[in-house]
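The residues making up each chain are set out below.
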Amino acid sequence: MDQLLVALDVDTVADASALADRLRGAVGGFKIGSRLFTSEGPAFVEALASRGDRVFLDLKFHDIPNTVAGAVAAATRLGVWMVNVHASGGSAMMRAARDAAHEEAARRSRPAPLVIAVTMLTSLDQQALTEIGMPDAVAAQVERLAALTEASGLDGVVASPQEIAIIRRRCGTQLAIVTPGIRGAGDQQGDQKRTMSAADALAAGATHLVVGRPIIAAADPRAAALRIADECRRAHAR
Ligand code: C5P
């Protein structure tokens with residue numbers, strides 16, 4: 001199931017590798033975030049990518065355009081399939097990220113990674129936004145940043161399940177929407193506050209789902225992944 005991406009939120013290459021080996025073929029790719037990357041570095045990213053796995057490098061770059069361009073070029077050299085930045089870094093930063101991905105990929109005659117942007121961290125509520133000088137409603141802020149992402153030529157956004165419909169209405173059908181916070185009826189919520197089932201998130205317009213603990217903490221991760229993949233297929237058949 002191409003749309004299902006699994007967050008390898010573990011500390012060691014040994015654990016991440018064991019998970020990838022169990023899940024390969026049942027899922028559409030692996031997300032490597034700051035936890036594993038900071039522990040183990042880029043070698044594991046490159047190793048997965050070079051064996052043909054789709055890797056979403058989730059480091060949420062947010063810096064001056066020149067620095068972000070260099071980081072995205074480096075991610076492109078690792079062979080990642082998707083990489084992300086913060087939309088609040090602004091349109092010049094996002095365009096620099098996109099251009100770096102395309103230029104570096106062209107130099108190496110390989111496809112450019114998809115470059116997507118985080119609109120608002122889902123951990124920020126209204127009070128936290130006001131605290132940092134953004135008094136607008138969360139939904140309005142997300143909609144504005146998604147539109148800016150699209151206008152900057154990026155391939156998609158990361159958004160919580162509750163924001164999918166707003167973004168899809170504003171941005172049309174071409175923009176990828178990558179959605180974490182996926183939980184089924186029997187799953188623990190953990191620290192996720194605004195969750196949705198895989199089927200409902202796809203129906204709302206998500207193009208990719210990021211699932212961590214419901215798969216990686218399951219007694220049988222492959223069976224858990226296959227169950228969610230099956231739910232996704234049934235959602236498409238509806
Ligand atoms: O374990 P769980 O399914 O909650 O994992 C979700 C993954 O998506 C984690 O890697 C988390 O860092 C990431 N994520 C998120 N919310 C965001 C952006 C990323 O949960 N807004």
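Provided above is the structure to which this section pertains.
The notes below deal with the structure included here. Quick caveat, the model's predicted, so the values are computed rather than measured. (Residues numbered from 1 in each chain as written. Predicted model: local features only at pLDDT ≥ 70, side-chain atom pairs only at ≥ 80, totals over all residues. Heavy atoms only, no water.)

1. Considering the overall build of the protein chain
Within the protein chain, the secondary structure is distributed over 11 helices and eight strands. The C-alpha radius of gyration of the protein chain comes to 17 Å, within 12% of the 18 Å expected for a compact globule of 238 residues. Within the protein chain, the proportion of its 238 residues that are buried is 49%. Long-range pairs, those at least 24 residues apart, make up 66% of the contacts in the protein chain between residues at least 6 apart in sequence. Of the accessible surface of the protein chain, which amounts to about 10800 Å², a share of 51% is contributed by carbon and sulfur atoms. Positive and negative side-chain charges in the protein chain, numbering 26 and 26 respectively, have mean positions lying 3 Å apart. (Helix = DSSP H or I, 4+ residues; strand = E, 2+ residues; numbered from the N terminus. Rg over C-alpha atoms; globule rule 2.2 N^0.38 Å. Buried < 20%, exposed > 50% of the residue type's maximum accessible area, 1.4 Å probe, protein only. Contact = heavy atoms within 4.5 Å. Areas by Shrake-Rupley, 256 points an atom, 1.4 Å probe, with all protein chains shown as cover. Lys, Arg positive; Asp, Glu negative; His and termini not counted. Charge placed at Lys NZ, Arg CZ, Asp CG, Glu CD.)

2. Digging into the packing of aromatic side chains
Inspection of every chain in the model, using the stated rule, returns zero aromatic pairs. For the cation-ring pair, Arg54 lies above Trp81, with the distance from its terminal atom to the ring centre recorded as 4.0 Å. (Phe/Tyr/Trp six-rings, centres within 6.5 Å; stacked < 30°, edge-to-face > 60°. Lys NZ or Arg CZ within 6 Å of the ring centre and 35° of its normal.)

3. Focus: the site of the ligand
Taken together, 13 residues lie around the ligand, and Asp9, Arg183, Gln192, Gly212 and Arg213 are the ones closest in. In the environment of the ligand, an oxygen atom lies 2.8 Å from a nitrogen or oxygen atom belonging to the backbone of Gly212. Between the ligand and Arg213 there is a distance of 2.7 Å, counted from an oxygen atom to a side-chain nitrogen or oxygen. The protein chains hide 85% of the 460 Å² of surface that the ligand would expose on its own. (Near = heavy atom within 4 Å. Polar contact = N/O pair within 3.5 Å; in protein donor to acceptor, adjacent residues only side chain to side chain.)

4. Considering the packing of helix H7 (residues 138–151) against helix H8 (residues 164–171)
Two elements in contact, H7 and H8, have axes whose closest approach is 9 Å; the angle formed by their N-to-C orientations is 45 degrees. What the angle tells us is that H7 and H8 run oblique. In this structure, H7 meets H8 at a crossing whose hand is right-handed. Here Ala139, Val142, Glu143, Ala146, Ala147 and Glu150 of H7 lie close against H8, whose contacting residues are Ile166, Ile167, Arg170 and Cys171. Residues belonging to the contact of H7 with H8 are distributed by class as follows: seven nonpolar, no polar and three charged. (Axes fitted to C-alpha atoms, helices over the stretch in contact; angles between N-to-C directions. Parallel < 35°, antiparallel > 145°, perpendicular 65-115°, else oblique. Left-handed = near helix turned anticlockwise from the far one by under 90°. Nonpolar A, V, L, I, M, F, W, Y, C, P; charged D, E, K, R; others polar.)

5. Some points on the environment of Ala71
With respect to the helices, strands and loops of the structure, Ala71 is situated in helix H4 (residues 65–78). Sequence separation between Ala71 and Ala101 is 30 residues; the distance between their C-alpha atoms is 9.5 Å.

6. A closer look at the sheet that holds strand S2 (residues 29–33)
One key point about sheets: their strands pair by backbone hydrogen bonds, in either a parallel or an antiparallel sense. Strands sit in the order S1-S2-S3-S4-S5-S6-S7-S8 around a closed barrel of eight strands; the barrel is parallel. Averaged over all neighbouring strand pairs, the angle between strand axes comes to 25 degrees, with direction disregarded. As defined by bridge partners, strand S7 (residues 176–179) adjoins strand S8 (residues 208–211) across two bridges and the pair is classed as parallel. What sits directly across from Val178, in S8, is His208. (Pairing = 2+ DSSP bridges.)

7. Things to note about the nonpolar core
Residues Leu8, Ile32, Val72, Val85, Ile167 and Ile215 are the most contacted members of the largest nonpolar core, which totals 68 residues. Here Ile32 is in contact with Leu8, Phe37, Phe44, Val45, Leu48, Val55, Phe56, Leu57 and Asp58, once residues within four sequence places are set aside. If you look at the next biggest cluster of nonpolar residues, it comprises 10 residues, including Phe56, Met82, Val158 and Val178. (Core = buried A, V, L, I, M, F, W, Y, C linked by side-chain atoms within 4.5 Å.)

8. Section: helix H11 (residues 221–237)
With 17 residues, H11 should reach 24 Å at 1.5 Å per residue; the first-to-last C-alpha distance of 24 Å fits that figure. Of the residues making up H11, those classed as buried are Pro221, Ala224, Ala225, Ile228, Ala229, Cys232 and Ala235. Seen end-on, H11 carries its buried residues on one side only, within an arc spanning 135 degrees. Facing away from the buried side of H11 by over 90 degrees, the exposed positions are Arg227, Arg234 and Ala237. In this structure, the buried residues of H11 make contact with strand S1 (4–7), helix H1 (13–23), helix H9 (198–204), S8 and helix H10 (213–216). (Expected span 1.5 Å × (residues − 1). Arc of directions from axis to C-beta.)

9. Observations regarding the pairing of S2
When you tally the buried positions in S2, you get five out of five residues, the bulk of the element. Going residue by residue along S2, you find Gly29, Lys31 and Gly33 tucked away on one face and Phe30 and Ile32 tucked away on the opposite face as well. Bridge count between S1 and S2: three bridges; the pairing is parallel. In the strand pairing of S2, Ala7 is matched with Lys31. Since S1 and S2 lie parallel, the crossover through H1 that links them has a hand, and here it is right-handed. (Right-handed = clockwise from strand over helix to strand, strands pointing away.)

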